[in-house]
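Coordinate inspection notes
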Amino acid sequence: MADGLQTARAGVLTTVQDLGRAGYAHLGVPRSGALDTGAHRLANRLLGNPETAATLETTLTGCAVRALRPTVAAVTGAPCPVTVDGRPAAWGQPVHVPAGAVLDVGAATHGVRSYVAFDGGVDADPVLGSRATDLLSGLGPAPLCEGAVLTLGAPPVHRPSVCCDAAVWAGPPRELLLPVVLGPRHDWFTPGGLRTLLSCGYRVSPASNRIGLRLEGPALERAREGELASEGMPLGAVQVPPEGRPVIFLADHPTTGGYPVVGVVPREALDAAAQAPPGTPVRFAPAGA
C-alpha cells in the first residue's frame, strides 16, 4: 500500500513494535517486541488486525502523526489524551483519521507506554521475521523522528462491530508486586541477601529503559566474589551487577551476561513492569506464594 503516515511529533521515544523475533537468542539477537504485550494485542483487536500487526509504542510523552490516507487508529496502554486535528477523540476505541488530519497521542496521565494501532498495521520492512525496533542490537526500524514516513498495510476485511473489550487494560500499578522464581545463581547470595530481595522494598529507577527495569534500594549481599563466565539470559532475568541492586531484563535485554541471576520474573508479570514509572514501589515475592 502507499505510504500511510508522516511523523509530526516524534515524542521522547516512539518505536515500531510487534510481538518480537523469537528463536534467535543463540545468534545473540534479543526477542524485542512490545513491552506491554496485552496493550499491544488489545489495540490490534479493536481494529480487527492480527495480533502480530506492528503498532507504535510511545514513551511518556506520546507522539503525533499525519495521515497520508484515511485510516482508523486505536490507542491503548498508558491512558493519555487523544485528538484528531485538535478535537478530542476516544482512548481505547477505534478513531477515524481522515487523510491530512493529525492524530495526536498526548503525554501519559498514568503509566509509561501507550500503543497506537492502525488499520493494517505499520508495514515496516521485517528483519528476521519481525518489524520490532530493537534498541540494543539496532535491528528493525529506527525510532521515529520528525518528518519520517511510515507505510501502512492493507486494512482488515472484517472489523469488530462492538468494542466490548475497550476497558480491559488494568492500568499502571501503584505498587509493583513481582513473582520471582529463584535461580539459577541464587547460591551466589547469602541467606541474608535472599531475605533482602524477598522482604525489602525497591523503587523503579529513572535509568530504566526497554533493556531493563533498574531498581533503587538495598544491595543484595554476595556469598561469592568474582563474576561468572557469560551465560544465557532469559526474559525477566533478575541480574545483580557488582553494586548489588537488581535489574529486571525486559524485551531488548542482552542474550548473555556475566553477572549472577538471582531469579527470574515470569513473562506474564512483565506487562505491569513495562508501565511502572520511575519511583514506583517494587516488591518481590516467591512465585506461587
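Procedures and definitions
Residues numbered from 1 in each chain as written. Predicted model: local features only at pLDDT ≥ 70, side-chain atom pairs only at ≥ 80, totals over all residues. Heavy atoms only, no water. Phe/Tyr/Trp six-rings, centres within 6.5 Å; stacked < 30°, edge-to-face > 60°. Helix = DSSP H or I, 4+ residues; strand = E, 2+ residues; numbered from the N terminus. Buried < 20%, exposed > 50% of the residue type's maximum accessible area, 1.4 Å probe, protein only. Lys NZ or Arg CZ within 6 Å of the ring centre and 35° of its normal. Disulfide = S-S within 2.5 Å. Contact = heavy atoms within 4.5 Å. Domains from an automatic or database assignment. Buried area = accessible area lost by both parts, 1.4 Å probe. Salt bridge = Lys/Arg side-chain N within 4 Å of Asp/Glu carboxyl O. Pairing = 2+ DSSP bridges.

Per an unreviewed UniProt entry, the protein is named Allophanate hydrolase subunit 2 family protein, and its organism is Streptomyces diacarni.

**What to know about the packing of aromatic side chains**
Scanning the entire structure with this criterion turns up one aromatic pair. Where tyrosine 202 meets phenylalanine 284, the ring centres are 6.3 Å apart and the plane angle is 75°; that geometry is what we call edge-to-face. Residue tyrosine 202 is located in strand β13 (residues 202-204), and its partner phenylalanine 284 is located in strand β20 (residues 281-286); the two are separated by 82 residues in the primary sequence. Overall, tyrosine 202 belongs to the buried group, its relative accessible area being 2%. Residue phenylalanine 284 is classed as buried on the basis of its relative accessible area of 2%. Positioned above the aromatic ring of phenylalanine 189 is the side chain of arginine 222, whose terminal nitrogen or guanidinium carbon lies 6.0 Å from the ring centre.

**Points about the state of the cysteines**
Overall, the coordinates contain zero disulfides when judged by the stated rule. Free of any disulfide, cysteine 80 has its nearest cysteine sulfur in cysteine 63, 9.0 Å distant. Cysteine cysteine 145 shares no disulfide, and the gap to the nearest cysteine sulfur, in cysteine 63, comes to 12 Å.

**Points about helix α1 (residues 37-47)**
The buried fraction of α1 is high, at eight of 11 residues. Listed as buried for α1 are Thr37, Ala39, His40, Leu42, Ala43, Asn44, Leu46 and Leu47. In the core, the buried residues of α1 are packed alongside β2 (15-17), β3 (55-57), β5 (71-77), β10 (114-118) and α3 (270-274). At the exit of α1 stands glycine 48, carrying a positive phi of roughly 80°.

**Focus: the domain arrangement of the protein**
Segmentation of the protein into domains returns domain 1 (4-151) and domain 2 (176-286). For domain 1 and domain 2, the distance between their C-alpha centroids amounts to 28 Å. Taken together, the contact pairs 24 residues of domain 1 with 16 residues of domain 2. Overall, the association of domain 1 and domain 2 removes approximately 1600 Å² of surface from exposure, summing both partners, and the carbon and sulfur fraction of that is 51%. On the domain 1 side of the interface with domain 2, the three residues burying the most area are Leu35, Arg113 and Leu136, jointly 33% of the side's total. Taken together, the links from domain 1 to domain 2 amount to one salt bridge.

**Remarks on the pairing of strand β1 (residues 3-9)**
As defined by bridge partners, β1 adjoins strand β11 (residues 149-151) across three bridges and the pair is classed as antiparallel. When the bridges of β11 are listed, aspartate 3 appears paired with threonine 151. Two strands pair when backbone bridges link them, and β1 and strand β4 (residues 63-67) are joined in this way by four bridges, in the antiparallel orientation. Within the sheet, the bridge partner assigned to glutamine 6 lies in β4 and is arginine 66.

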